[in-house]
Amino acid sequence: QAAAPLHPVTVRCQEAQVVVMVHRDLFGTGRLVRAADLTLGSATCLPLAQSAAETVVTFVAGLHECGSTLQMTPDSLIYKTSLSYKPTPSGNPVIIRTNAAAVPIECHYPRKSNVSSNAIWPTWAPFRSTLSAEERLMFSVRLMNDDWSTERLSNGFQLGESLHLQADVASGDHVPLRLFVDDCVATLSPDRNSSPRYALIDLSGCLVDGRSDDTTSAFISPRPRQETLQFVVDAFKFAGDDRNLIYITCHLKVSPVDQAPNPLNKACSFNKASSLWAPVEGTGDICSCCETGNCLLYG
């Protein structure tokens, strides 16, 4: 953030775009480079229009524009591009007085986030918690009505009814993303590690609640859109406990749409008619670890 010449290039990674500000004293010599000799990315995007008197050159580009590339790590989405300086002769066309330069630029965004419901009880407050902040993907889990058209107004349930849960991510101008629910756990306190606890979804996207003999819990297929995942869970309470209050905490994550689902990025339901696990998308073999329990071995 310091002024040139110590830090002549400043990068701001915003929710949907990157802003690159370049001090024209790029090399700290007092000799200003020409704005026309600066470009961003392999697509050689040009800076914003400016007057010749300005000493700072500004680029604004969408995260996947200007030929940027996306790298996905277990925890982050990393958008990579570079600032290029290619001097052209001025005055004497035979010589130039500065070297070319390339400055690597990266923007890192957390790929995963935890979202938790408010307390679930007969007089529930709206079942919703959204983690949102600049430079973060916005994840949410909502309780929907039975036809998925709107958020459910009443949060009271009787045993024998079903909870319609919808997970979403607002992806802005990121590359197209597909949302997955890594796990969901029910507890009697806000601490997801407290006891008793019951796993609804586990093993990187296996809806294990649907494996029980007396349930119809399942993911909804097909998805309404890639950044949304819906699933139905039969209402329940903890045995031996009279409290009508349950917390459900879900771990959500995203992958690029063009990456095929795999054992670590999947949404699998148990089909009782065929006694087989079936994915919302992808090939059936990605769900085999839902039965063996060794999904993490694929990491």
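Small disclaimer: the values here were computed from a predicted structure and weren't measured. (Residues numbered from 1 in each chain as written. Predicted model: local features only at pLDDT ≥ 70, side-chain atom pairs only at ≥ 80, totals over all residues. Heavy atoms only, no water.)

Enquirer: How should the state of the cysteines be read in this particular structure?
Expert: A disulfide bridge is the covalent bond that connects two cysteines by way of their sulfur atoms. Enumeration according to the criterion identifies six disulfides in this entry. Here Cys268 engages in a disulfide with Cys287; their sulfurs sit 2.0 Å apart. Torsion about the S-S bond of the Cys268 and Cys287 cystine: about -80°, corresponding to left-handed handedness. Of this pair, Cys268 sits in strand 17 (residues 268-271) while Cys287 sits in the loop between strand 18 (276-279) and helix 1 (289-292), and the two are 19 residues apart along the sequence. Accessibility classification places Cys268 together with Cys287 in one group, the buried group. The side chain of Cys289 participates in a disulfide bridge whose partner is Cys295; the two sulfur atoms lie 2.0 Å from each other. One quick way to see it: the torsion about the S-S bond of Cys289 and Cys295 is about 95°, and its sign makes the bridge right-handed. (Disulfide = S-S within 2.5 Å. Helix = DSSP H or I, 4+ residues; strand = E, 2+ residues; numbered from the N terminus. Buried < 20%, exposed > 50% of the residue type's maximum accessible area, 1.4 Å probe, protein only.)

Enquirer: Would you mind going over the sheet that holds strand 16 (residues 247-256) with me for this structure?
Expert: In any sheet, the strands associate via hydrogen bonds between backbone groups, in a parallel or an antiparallel arrangement. In spatial order, the strands read 8-16-12-13; together these four strands make up an open sheet with antiparallel pairing. The sheet is open, and its two borders are formed by strand 8 (112-116) and strand 13 (197-201), each paired with just one other strand. Taking the axes of each pair of neighbouring strands and ignoring which way they run, one obtains an average angle of 20° across the sheet. (Pairing = 2+ DSSP bridges. Axes fitted to C-alpha atoms, helices over the stretch in contact; angles between N-to-C directions.)

Enquirer: Sorry, what's going on with the pattern of salt bridges here?
Expert: Should the charged atoms of two oppositely charged side chains come close, the side chains can pair. Going through the model one piece at a time under the given rule, you end up with eight salt bridges. For the salt bridge of Arg211 with Glu291, the shortest nitrogen-to-oxygen distance reads 2.8 Å. On the criterion of sequence distance, the pair formed by Arg211 in the loop between strand 13 and strand 14 (218-219) and Glu291 in helix 1 is long-range, its members being 80 residues apart. In this structure, the salt-bridge partner of Arg243 is Asp241, at a minimum N-O distance of 2.8 Å. Residue classification places Asp241 among the buried residues on the basis of a relative accessible area of 17%. (Salt bridge = Lys/Arg side-chain N within 4 Å of Asp/Glu carboxyl O.)

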